[in-house]
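Below, each chain spelled out in residue letters.
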Amino acid sequence: MNEYKSKVDIVYGSLLDRILNGTYNPGERMVISKMAREYGVSEIPVREAIRRLESEGYVTINANHGAVVKDMDTDQITQMFQIRGVLEGYATRVCVDYLQPEDFQKLEEINESMLRALKNDEASLYSELNIKFHLAIYECLPMFELYNMISDLWKKWQITSRVFNVAPSRASESYDEHKEILELLTKKEYDKVEMAVRRHKFKACQRFIEYSKNVSLK
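Residues numbered from 1 in each chain as written. Predicted model: local features only at pLDDT ≥ 70, side-chain atom pairs only at ≥ 80, totals over all residues. Heavy atoms only, no water.

(A) Fine view of the packing of aromatic side chains. Using the criterion set out here, one finds 1 aromatic pair in the structure. On the numbers, 6.4 Å between centres and 50 degrees between planes, the contact of phenylalanine 81 with phenylalanine 208 is tilted. With phenylalanine 81 in helix H4 (residues 74–95) and phenylalanine 208 in helix H10 (residues 190–212), this pair connects stretches of sequence that are 127 residues apart. Judged by its relative accessible area of 2%, phenylalanine 208 is buried. Positioned above the aromatic ring of tyrosine 12, the side-chain terminus of arginine 52 is 4.6 Å from the ring centre. Here arginine 84 stacks its cationic end above the ring of tryptophan 154, 4.0 Å away from the centre of that ring. (Phe/Tyr/Trp six-rings, centres within 6.5 Å; stacked < 30°, edge-to-face > 60°. Helix = DSSP H or I, 4+ residues; strand = E, 2+ residues; numbered from the N terminus. Buried < 20%, exposed > 50% of the residue type's maximum accessible area, 1.4 Å probe, protein only. Lys NZ or Arg CZ within 6 Å of the ring centre and 35° of its normal.)

Here is the structure:
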């Protein structure tokens, strides 16, 4: 069954995609009347979509210029990765006692699919599989609030998933780090796997900032 999407959802999804793929650059104005005509809707769903983007940190709205695509600063990105590192590290530690053999098989398959995407130079597919890999670990969490919090952060900060586009070398590092995480999970190394996930996130942060200073996010 197809999930129902309102006009706001459709416009929001399209605008977010354009911000993430670089169609809209930092500092660029988002003209509501123009977008309403383009999407064939009234200005109301466009305004609602932009308000949602503002709440997620992708857009700023001011009286003089209207909606403007926000430029993510280094401190903001660093804080986000730090928060995710702590939350996901702890979540992975908890999952040690709940992952089943079939879960490990699924994770191995996803990671090998990532390797194929890496060899085929498919950065976007690699990014999608990376998200799938991590969320597949947390699916066994008995703490639903924690899972939802992590999932929401992945959605809110989708722009950071483009680390594999702006930092190609990060992909091979990520694949190897996933193998380490899986090995530590299998061995039930609680402390080590938590710290490994933290390092995994912090390394991604380092590479994202390092490369994005010199490479366009397009």
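Here the narrative resumes.
(B) Main features of the sheet that holds strand S1 (residues 29–30). Pairing is antiparallel in the open sheet, where 3 strands are placed in the order S1-S3-S2. Looking at the sheet topology across the chains shown, the edges are occupied by S1 and strand S2 (59–62). As defined by bridge partners, S1 adjoins strand S3 (residues 66–69) across 2 bridges and the pair is classed as antiparallel. Within S3, the residue paired with arginine 29 across the bridge is valine 68. Against the sheet, helix H3 (residues 43–55) touches S1, S2 and S3, its axis set at about 115 degrees to S2. (Pairing = 2+ DSSP bridges. Contact = heavy atoms within 4.5 Å. Axes fitted to C-alpha atoms, helices over the stretch in contact; angles between N-to-C directions.)

(C) Representation of the pattern of salt bridges in the model. Under the criterion given, the structure shown has 16 salt bridges. Across the pair glutamate 177 and arginine 170 runs a salt bridge, and its minimum N-O distance is 2.6 Å. Residue glutamate 183 pairs with lysine 187 through a salt bridge whose shortest N-O separation is 3.0 Å. On the basis of relative accessible area, lysine 187 is assigned to the exposed category, the value being 53%. Sharing partners across several salt bridges, the network here consists of Arg170, Glu173, Glu177, Lys203 and Arg207. (Salt bridge = Lys/Arg side-chain N within 4 Å of Asp/Glu carboxyl O.)

Shape descriptors only; they carry no functional weight alone.
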